[in-house]
Amino acid sequence: MTSDDIRDVRNGLLVFIPGLPPRTRARPPWDELIRRLRRDLAPNWRVVVFEHGLTATSRVDLDSVVRSLAAQIRDWAGELSEDIEPPDGILLAGHSFGGVLARAAYLHDASDATGPVDTSAARTASQAAFGRAAASDARNDPEVASAEPPASAHRWPSLVRRIVLLGSPNSGYRREAPGNPLSWRLAYEIATPFADFTIEKVQAGGYWITDLRLRWLDAFQTEAERPTVVQVLGTEDSLVTHEDILDQRFMPGTQVYEIPGADHPGLIRLDTAPDPDRRYEQVRTAIVGRDDERRRQATPREDGPTAFILHGIRASALRSWVQDLGTKVGTLDPKAMIVSPDTGYFTAMEFALPGTRRRKVHEFLKIYGDAYASRHPDEFVFAGHSNGTYMMAQSLGRVPSMRFERIYLAGTVLPRRFDWDGLFRNRQVGRWTNGSWTKGHVRSDRGVTDVPVGVLCSLLRGLGSVDIGTAGLSGFENTAPWPIDQARTVKGGHGAALATDEQLDRIAEFVAKGTSSTPYTDDSEGPPRRWNEEFEASAPFDWLSRFVGLPPIAWGAVIGVGALGATGLVRLGRAKGAKVAVGTGVGAATAIWALLRSI
């Protein structure tokens, strides 16, 4: 888009969405910018502001805010009443968090579809549903190969000519960024295990922002006409930098404007600029465009599979299996890119705390999103052990646009009734090929005497942590009719499936090629269950695992440990009395319960 497009508009609508917090003084920081835009763009353009009223610690559902913004734009665009003349051109401009909301509102009303979508050239523009296909049919019929997403019921998205993101990140805000306000950091580090704040949802790797990022990338991978996306950065902005807008390289028709000398709030606050008139002209040009502006070509996504390999709570506990498996996969498919992040040492106590183990998931989501921008997601495969399988499953469960073609699990800590049915029906395990959906495969290998899964996970589940369980020992339930192979059991403990080169060779074949020595079936009886002798011999241990996971037993164990510890403290302090010991024990058990239940 160029400024010629702006001059062609006889009745335009410019919607501005502020960031966080919306107000920092008596007058809103964008007041002067909006006043000048209204003066200069009149009478052809109407300039309005959507004041969402959110702060970093708001606990409002962001999807409801997006729906409110989309509904308000419909009203401003004359879709809800006849007393407003519909515009023939729309500009969306958002500062910081406001740019995130602008993207979400545009995608929300651009299509009513609700599931992952193929973005290959074989699918037409009408089929590309901005990152979500019509999954409602797929949920009712798992054999549906492809579905046409419904056309948008709203007119205004087709009128959007330009989306201007003023200091707005694509992938979310980095906690380590120097410009991150102290209040944001405190909210995340202290309070987010107990409350789901706005800033956590839009932090890099957050569930909500990652799903938006994937849908946004999908929307611009089709050949359909899209509005120009303009990323505006201040050269002195330490909160949002070029690192945070790398996605634009893989999106056609994007522009990047740099405002010299501007920090993050300075992109909209004219009074802080050395020359307010000059700053206004710079920002105005970025918003409305110019005659000689050129739409850049997108960098094409790289071909070849991407193999994500995640270790468990201890990276070096099982020698170098991650590197060895990556090497073997690369040998089988030289075009494969291996992504094997080191998420660091993770103690059993840290894993036991829900808030701590869930924060690790965000690290994986940020890495996944970066790969999604530059690689073809239909060739994503996964292999993980222990906590790595938890990170993958939590990501799939909370980010509907995320998917893998194949998934390998070793010593998984997922619950036996994990919702594979929902993931398959939502087309998150498989790939799009020439406009049709092909179901993927899942393989889970188990150790017959896996103590961390059989004892620790079972105990934690008995204490109320329902997102983990003993599928790594006892297998998943209710897997039919999906191709989930869990017939392989290995004599040994938590890392037995990864212990030898021969086993890694078979795993690499599955990850790279999808081959397996055990056939898959799609009939109503599910995959074959060929229990070997070692598994039959592990029946007593399997029974013990289930016994430990009974809530009365689990809580009794915790209270017992707490009471023993309290008794020791009482004796150490030379205090007397059974009441003191019992009271202290109950207090200790309550403290343990609070830690384990913190979310």
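What counts as what
Residues numbered from 1 in each chain as written. Predicted model: local features only at pLDDT ≥ 70, side-chain atom pairs only at ≥ 80, totals over all residues. Heavy atoms only, no water. Helix = DSSP H or I, 4+ residues; strand = E, 2+ residues; numbered from the N terminus. Buried < 20%, exposed > 50% of the residue type's maximum accessible area, 1.4 Å probe, protein only. Polar contact = N/O pair within 3.5 Å; in protein donor to acceptor, adjacent residues only side chain to side chain. 1 Å grid on protein atoms, 1.4 Å probe; cavity = no way out; pocket = protein on both sides within 12 Å on 5 of 7 lines; lining within 4 Å. Points joined across faces, edges and corners; volume = space filled by probe spheres on them. Patch = residues over 30% accessible without salt bridge, like charges linked within 9 Å, V, L, I, M, F, W, Y side chains within 5 Å. Areas by Shrake-Rupley, 256 points an atom, 1.4 Å probe, with all protein chains shown as cover. Salt bridge = Lys/Arg side-chain N within 4 Å of Asp/Glu carboxyl O. pLDDT = per-residue confidence, 0-100. Contact = heavy atoms within 4.5 Å. Arc of directions from axis to C-beta. Pairing = 2+ DSSP bridges. Axes fitted to C-alpha atoms, helices over the stretch in contact; angles between N-to-C directions.

Bringing the environment of P28 into the picture now. Summarising the element assignment, P28 is placed in the loop between β1 (12-17) and α2 (31-41). With relative accessibility at 12%, the residue P28 sits in the buried group. In sequence terms P28 and R269 are 241 residues apart; their C-alpha atoms lie 9.1 Å from each other.

Attention now moves to the side chain of H52. Locating H52 in the fold gives a position in the loop between β2 (45-49) and α3 (62-76). The exposure class of H52 is buried, given its relative accessible area of 12%. A polar contact of 3.4 Å, which involves the side chain of H52, links it to the backbone oxygen of G19.

Evaluation of the coordinates by the stated rule reveals two cavities of 30 Å³ or more. When its volume is computed, the second largest cavity comes out at roughly 40 Å³. Lining of the second largest cavity is provided by P305, A307, V329, D333, A336, V381, R406, V511 and A512.

Quick look at a nonpolar patch on the surface now. Together, W543, L544, F547, L550 and I553 line one region of the surface with nonpolar side chains, adding up to about 460 Å² of accessible area. The greatest single-element share of the nonpolar patch, amounting to three residues, is contributed by helix α20 (residues 539-548). Relative to the helices and strands, L544 resides in helix α20.

Here we come to the confidence of the model for the protein chain. For the protein chain, the average pLDDT comes to 80, and 76% of its residues sit at 70 or higher. For residues 518-533, every residue scores under 50 in pLDDT, and the model assigns this stretch 39 contacts once sequence neighbours within four places are set aside.

A separate point is the pattern of salt bridges. In the structure shown here, the tally under the stated rule is 24 salt bridges. Two residues, E302 and R375, come together in a salt bridge whose shortest N-O distance is 2.9 Å. Residue E302 is located in the loop between α10 (276-288) and β7 (306-310), and its partner R375 is located in the loop between α13 (354-374) and β9 (380-385); the two are separated by 73 residues in the primary sequence. When the shortest N-O distance is used, the salt bridge between R431 and E405 registers 3.6 Å. Taken together, the residues span a long stretch of sequence, with R431 in strand β11 (residues 430-433) and E405 in the loop between α14 (387-398) and β10 (406-410) at a distance of 26 residues. Note on E405: relative accessible area 15%, which makes it buried. Residues joined in a network through salt bridges with shared partners are E32, R35, R36 and D277.

Before going further, it helps to spend a moment on α2. Because each turn of an α-helix spans 3.6 residues, side chains separated by three or four positions in sequence point in the same direction. When we look at burial in α2, the residues that qualify are L33, I34, R36, L37 and L41. An end-on view of α2 places all buried positions within 165° of arc, on one side of the element. In this fold, the buried residues of α2 make contact with β1, β2 and α10.

Peptide bonds are trans in most cases, and residues, glycine excluded, mostly fall at negative phi. Residue A42 is joined to P43 through a cis peptide bond whose omega torsion reads 5°. Between A480 and P481 the backbone carries a cis peptide bond, its omega angle lying at 5°. Within the secondary structure, P481 is located in the loop between α17 (471-474) and β14 (484-485). The backbone of S386 shows a phi angle near 55°, a positive value even though the residue is not glycine. Relative to the helices and strands, S386 is located in the loop between β9 and α14. By relative accessible area, S386 is classed as buried at 5%. Even without a glycine there, the phi angle at N478 is positive, about 55°.

Moving on: the sheet that holds strand β3 (residues 89-95). Ordered in space as β2-β1-β3-β4-β5-β6, the six strands form an open sheet in which the pairing is parallel. The strands lining the two open edges of the sheet, one partner per strand, are β2 and β6 (254-259). Going across the sheet, the axis of each strand differs from the next one's by a mean of 15°, ignoring polarity. On the sheet, α3 packs against β1, β2 and β3 and is oriented at approximately 155° with respect to β1. In this fold helix α4 (residues 97-110) packs onto β1, β3 and β4 (160-166), with an angle of close to 140° to the strand it touches most, β3.

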